[in-house]
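# Chains, contacts and geometry: an overview
Here's the letter readout for the chains.
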Amino acid sequence: MTIAPPAVSARGRSPIFEPSLPGSKSLTNRALALAAARKGKTRVVGALHADDTVRFADCINRFGGLSVAADTCRAAFHVENSCPGERPLAPHEPLDIGAAGTPARFLLSMAADAEGETTITGTRRLCERPMASGIEALRALGRPVLETGNPGCLPVRIVGGRPTDTYWRVDGSVSSQFTSSMLLSAARQDADRGPVHVEATGNLVSRPYVDMTVQTMRAAGIDIGAVGPQTWRVLPQRPDVASIAVEPDASAMSYFLGAAAILGGAVRISGVGSSSAQGDVGFVHVLEEMGCAVSVTPTDIELRGPEGALRGIEVDLETMPDMVLTLAVVAAFAQGRTKIVNIANLRLKECDRLHAAAQELQRIGIRAQEGPDWLEIAPDGTGPRPASVHTYDDHRVAMAFSLAALTNKEITIEDPACVAKSFPDYWSEYARLAESYGLAR
């Protein structure tokens, strides 16, 4: 199955397009984990209902004493913790988390905090992605973990139990998700043992995602604070809020900002701005450096593409890895080279995104080179050529390269349904954008 989006009929139109964005995937996952820890009923509002979050909700629902009901009409999840004891019971059957990387890493510590033995598995690609940092952190605290496949990967069997120490260390150099998982777990521990300290060792990648976890925990009433550059003190306690609100997804926002940058149009985003802990909000300033005009308030963003050409830039996106593919496609329309650096961990995502970006840019006729931790885009000014873009079963590849298809109707996107992982309504919003900008159908 392929989709051929519309081509540009004219440049220079600049209506202000206001996309309807889903709730943040990252915040929804954190909210579900927190809601499951609170006794009684908790509502997650403004939530994302997509493959990753629905899988996570289903896995939580399988622990004894926990239940999750999806309310798609109201973009909500209803979570109830009726555990007779302090800890939920391990599921009877293995948990299949699909391709969801963040929920898989959150489930590692959830399983370690449950009563009994939990098996966690996922897709073939997820079972290739690194889990050793989380596994070793749990083992260091006396939690037995058995890999039943490749070392340091899913599937795993985890025997739950109380940790042997209150000072925890976790390697932060592969993924920030392991640090977030341990912080969430720290709040679930027995209060009578006192505070838990969580230290992320090594170079903590994607730091904004940990900051997002900390902000979400604080908003839920958890006493958590930094006591060092990469160390946090967590006072074990239950969340004290019956409702957790989720803001719009800043990663999803990037595709509409990118479209406006390429087409010289304008876009307005409501509900997310400078007050957000989502690191991807910073992408608007990357586009500003390329020549776009931006206005950012604590709760809103407006961007207008340049009247002339976009400028190539060199930028470090270590803290915004999900923005690399979007920027790579926007850079195909810039004047001059763009180099994106410090992005080695892109090779460990749903696919090797660094390689995928270079390959698919070349496929549409844009000169691109990849290095161990960098990507360089050197357009020749002729624009993308017709091609069928491979998506590697990766939602972000599909959405990013749909921007190139805005200017050439003979570019098609293979497997467009893969966007369901994070943005099920993406193509309907994409069609609205095309119509708003007066693009030929």
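Residues numbered from 1 in each chain as written. Predicted model: local features only at pLDDT ≥ 70, side-chain atom pairs only at ≥ 80, totals over all residues. Heavy atoms only, no water.

To find the voids left in a structure, one rolls a probe of water-molecule size over its atoms. Approximately 310 Å³ is the volume attributed to the largest pocket. Along the walls of the largest pocket sit 17 residues, with D51, A99, T123, D393 and K421 positioned nearest its centre. By residue class, the composition of the lining of the largest pocket is seven nonpolar, two polar and eight charged. Approximately 220 Å³ is the volume found for the second largest pocket. Looking at the second largest pocket, it is lined by 15 residues, and the ones nearest its centre are Q215, T216, A219, I244 and A245. Going through the elements one at a time, α6 (207-219) and β14 (243-245) are the ones with two or more residues in the lining of the second largest pocket. With four residues, α6 is the largest single contributor of residues to the lining of the second largest pocket. (1 Å grid on protein atoms, 1.4 Å probe; cavity = no way out; pocket = protein on both sides within 12 Å on 5 of 7 lines; lining within 4 Å. Points joined across faces, edges and corners; volume = space filled by probe spheres on them. Nonpolar A, V, L, I, M, F, W, Y, C, P; charged D, E, K, R; others polar. Helix = DSSP H or I, 4+ residues; strand = E, 2+ residues; numbered from the N terminus.)

Okay, empty space enclosed by the protein next. Taken as a whole and assessed by the stated rule, the structure comprises seven cavities of 30 Å³ or more. In this structure, the largest cavity spans a volume of roughly 360 Å³. When residues of the lining of the largest cavity are traced back to their parent elements, those giving at least two are α1 (25-37), α3 (101-112), α5 (176-187) and α11 (395-405). Sorting elements by how many residues they give to the lining of the largest cavity places α1 first, with four residues. In terms of residue class, the lining of the largest cavity is made up of five nonpolar, eleven polar and twelve charged. In this model, the second largest cavity occupies a volume close to 200 Å³. Taken together, 19 residues line the second largest cavity, and the ones lying closest to its centre are E86, R87, P88, D113 and R188. At the level of secondary structure, the elements contributing two or more residues to the lining of the second largest cavity comprise α1 and α3. A breakdown of the residues in the lining of the second largest cavity according to their chemical character gives eight nonpolar, three polar and eight charged.

Pairing within the open sheet is mixed, and its four strands lie in the order β4-β5-β3-β14. Taken across any chain shown, the strands that pair with only one partner, and hence form the sheet edges, are β4 (66-71) and β14. Between one strand and the next, the sheet's axes are offset by a mean angle of 15 degrees, whatever the strand orientation. The strands that α1 touches are β3 (40-45), β4, β5 (76-81) and β14; relative to β5, the one it contacts most, it runs at about 25 degrees. Against the sheet, helix α2 (residues 51-61) touches β4 and β5, its axis set at about 150 degrees to β4. (Pairing = 2+ DSSP bridges. Axes fitted to C-alpha atoms, helices over the stretch in contact; angles between N-to-C directions. Contact = heavy atoms within 4.5 Å.)

The next subject is the packing of aromatic side chains. Tallied over the entire structure, the rule returns nine aromatic pairs. Ring geometry for F256 versus Y426: centroids 6.0 Å apart, planes at 50 degrees, classification tilted. Of this pair, F256 sits in helix α7 (residues 250-263) while Y426 sits in helix α12 (residues 426-436); the two residues are 170 residues apart in sequence, bridging distant segments of the chain. With respect to class, F256 is no different from Y426; both count as buried. Centroid distance Y426 to W427: 5.0 Å. Interplanar angle 70 degrees. Geometry classified as edge-to-face. Here the two residues Y426 and W427 agree in accessibility, since each one is buried. Through a chain of ring-to-ring contacts, the aromatic side chains of F17, Y255, F256, F423, Y426, W427 and Y430 assemble into a single cluster. (Phe/Tyr/Trp six-rings, centres within 6.5 Å; stacked < 30°, edge-to-face > 60°. Buried < 20%, exposed > 50% of the residue type's maximum accessible area, 1.4 Å probe, protein only.)

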